[in-house]
Amino acid sequence: RIAKLHGRRVWDSRGRPTVEVEVHLSDGAIGRAIAPAGASTGQGEALDLRDGGDRFGGLDVRRAVASVNREIAPALLDLDAADQEAVDRLLVDLDGTPDRGRLGGNAIVATSMAVLHAGAASADVPLWQHLAGGRPVRIPLPEIQIFGGGAHADRRVDVQDFMVVCPAARSFSEALDWTAEIYRAAGSLMRAAGKAQGVADEGGFWPAFDSNEEALETLSLAIESAGFAPATQVGISLDVAASQFGSAGKYTLALDDRTLDTEALIDMLGGWIRQYPILSVEDPVGEDDHDGMLEFTRRHGRHCQVIGDDYLVTNAERVEAAATGGAVNAVLIKPNQAGTITEAFQALQAGKEVGFGTIVSARSGETEDITIAHLSVGWDAGQLKVGSFTRSERMAKWNEVLRIEESLGDSAEFSGWSAFPFADP
Ligand code: PGA
Ligand code: ZN
């Protein structure tokens, strides 16, 4: 039973305030979790409640922390922490708004995750095992950023994430080994070209490129110079995050000041898919561009994963609608987009039921919190996206999955190619 719940302000990887919640149960078990924060947020997301005003550029979270201590804590007292659904339902009802704007999505998600941790601690099992409840799980395929971009790098290039996936690796641990070599190779190429200029928000190299294509070219070269076969061993995964540079029918590229209609954007991306070893593309068109999403999926969905992030905002109904209409074939799962653990799980289940790829994802603003590492394994998501291969708010998640994989020993099954919603890469 929940005996005590406490909210406090802590700091995230961008040096911005965020909400931490600590839950104490009557049996002595403790759970703790921290809310992450996005920069390229979708319109349908749960609202990240910020104070406004001058303090920390308006980003302080004193109101959200007060929601936890004044309203949420007394309301959750004596509830069974093992009954996540009941706790989450109460949080949603207590807030009473469609976008979690009254108590704050940050206050609610931190509470929901902290209760989840407390439940696992009380059962005395690792969180992933608590979530799996005996069902078989796979260790996820990691999607790891090599170059940042978009809203995470001052729009230096349009594409937000240039990532690699290593589906031919035999284990998660081997996939990280391969990625480390590729990251090093990319760094050498950047230095040799005089383009090493630090890192972007999620720890990938700062994209000092003259075009998106130059980034793709450099990444392909890094894969090959690290000794891997493009596409059959290691592939490229892109988060276009197109809502950041346009909406239905009109997209403005940062570098050459070109404006593209939906058709031209899809043609440009299609050209990249033909030329480079791209296995996955996220948010290829704007979140309001339903026809564009359909067209892109119709053209490329048989050989390429098409992920809805801003387009689906971790919402089960949107996932079902997308599947019915034929838009996208994979869903990104961000607990703080949905608001609660239960809703995030429902979106993931909805995705699995329609045969979508499912990817548990971090946000660009992160902390040492490792909840999503456990979600990706315990929910058997198949894929995990955390950002780059530097900086400890990212490495904390990769390292936690390494520990889980090791703890499973010979019984650990790595998702590899099975993570993708297509049969023929
Ligand atoms: P965000 O970016 O956390 O800044 O929204 C992550 C993503 O778009 O996948
Ligand atoms: Zn995204």
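Calculation notes
Residues numbered from 1 in each chain as written. Chains lettered and ligands numbered in written order. Predicted model: local features only at pLDDT ≥ 70, side-chain atom pairs only at ≥ 80, totals over all residues. Heavy atoms only, no water. Donors = N, O, S within 2.8 Å, 3.2 Å for Na, K, Ca; no water. Helix = DSSP H or I, 4+ residues; strand = E, 2+ residues; numbered from the N terminus. Buried < 20%, exposed > 50% of the residue type's maximum accessible area, 1.4 Å probe, protein only. Near = heavy atom within 4 Å. Polar contact = N/O pair within 3.5 Å; in protein donor to acceptor, adjacent residues only side chain to side chain. Nonpolar A, V, L, I, M, F, W, Y, C, P; charged D, E, K, R; others polar. Pairing = 2+ DSSP bridges. Contact = heavy atoms within 4.5 Å. Axes fitted to C-alpha atoms, helices over the stretch in contact; angles between N-to-C directions. Salt bridge = Lys/Arg side-chain N within 4 Å of Asp/Glu carboxyl O. UniProt positions renumbered as here; feature names shortened; annotations may be inferred.

Thoughts on the coordination of the zinc ion (ligand 2)
Protein coordination at the zinc ion (ligand 2): the donors are Asp239 (OD), Glu282 (OE) and Asp309 (OD), at 2.1 to 2.2 Å from the metal. Mapped onto the sequence, the residues coordinating the zinc ion (ligand 2) show the spacing D-x42-E-x26-D. Taken together, the residues span a long stretch of sequence, with Asp239 in strand E6 (residues 235–239) and Asp309 in the loop between strand E11 (305–308) and helix H9 (316–325) at a distance of 70 residues. Asp309 sits in the buried class, given a relative accessible area of 2%.

Describing the site of ligand 1
Residues in close proximity to ligand 1 total 13 residues, the closest being Ala39, His152, Arg363, Ser364 and Lys385. In this structure, Asp239 approaches ligand 1 through a side-chain N or O atom, which is 3.1 Å from an oxygen atom. Taking Lys334, its side chain carries an N or O atom lying 3.3 Å from an oxygen atom of ligand 1. For the shell around ligand 1, the residue count by class is two nonpolar, five polar and six charged.

A short note on the sheet that holds strand E7 (residues 246–247)
With antiparallel pairing, three strands are arranged side by side in an open sheet as E7-E8-E9. Every interior strand has two partners, whereas the edge strands, E7 and strand E9 (259–260), have only one. Sheet topology places E7 next to strand E8 (residues 250–252); two bridges connect them, and they run antiparallel. The residue bridging Ser247 from the neighbouring strand is Lys250, located in E8.

Some details on the environment of Ile273
In this fold, Ile273 is placed in helix H7 (residues 262–275). Under the relative-accessibility criterion, Ile273 is labelled buried at 19%. For the pair Ile273 and Gly339, spaced 66 residues apart in sequence, the C-alpha separation works out to 34 Å. Not counting the four nearest positions on each side in its chain, Ile273 is found in contact with Ile278, Val281, Phe296, His300 and Cys304.

Notes on the sheet that holds E6
Strand order in the closed barrel formed by eight strands is E4-E5-E6-E10-E11-E12-E13-E14, and the pairing between neighbours is mixed. Taking each pair of neighbouring strands and ignoring which way they run, the sheet shows an average axis angle of 30 degrees. Running over the sheet, helix H11 (residues 341–353) touches strand E12 (330–333) and strand E13 (357–361) and is turned about 165 degrees from E12.

Remarks on the side chain of Arg14
Mapped onto the elements of the fold, Arg14 is located in the loop between strand E1 (2–11) and strand E2 (17–25). A distance of 2.9 Å separates polar atoms of two side chains, one belonging to Arg14 and the other to Ser364. For Arg14, the residues in contact, after removing those within four places along its chain, are Ala37, Gly38, Ala39, His152, Asp201, Ser364 and Gly365.

Observations concerning the pattern of salt bridges
Summed over all chains, the structure comprises 30 salt bridges. The partner of Glu22 in a salt bridge is Arg8, and the shortest N-O contact between them spans 3.0 Å. Residue Glu22 is found in strand E2, and its partner Arg8 is found in strand E1; the two are separated by 14 residues along the sequence. Among the salt bridges present, the one from Glu282 reaches Lys385, with a minimum N-O distance of 3.1 Å. Residue Glu282 is found in strand E10 (residues 278–282), and its partner Lys385 is found in strand E14 (residues 382–388); the two are separated by 103 residues along the sequence. Of the residues examined, Glu282 reaches a relative accessible area of 0% and is grouped as buried. Each of Arg9, Asp51, Arg55, Asp60 and Arg62 takes part in a single network of salt bridges with overlapping partners.

Details of the UniProt feature "binding site: (2R)-2-phosphoglycerate" (unreviewed entry) in the chain
As recorded in UniProt, the sites labelled "binding site: (2R)-2-phosphoglycerate" (unreviewed entry) are Gln160, Lys334, Arg363, Ser364 and Lys385. By the secondary structure assignment, Gln160 is in the loop between strand E4 (141–148) and strand E5 (161–165). If sequence neighbours within four positions are ignored, Gln160 has contacts with Ser40, Gln145, Phe147, Gly148, Gly149, Gly150, Ala151, His152, Asp239, Val240 and Ala241. In this fold, Ser364 is placed in the loop between E13 and helix H12 (371–378). Residue classification places Ser364 among the buried positions, given a relative accessible area of 3%.

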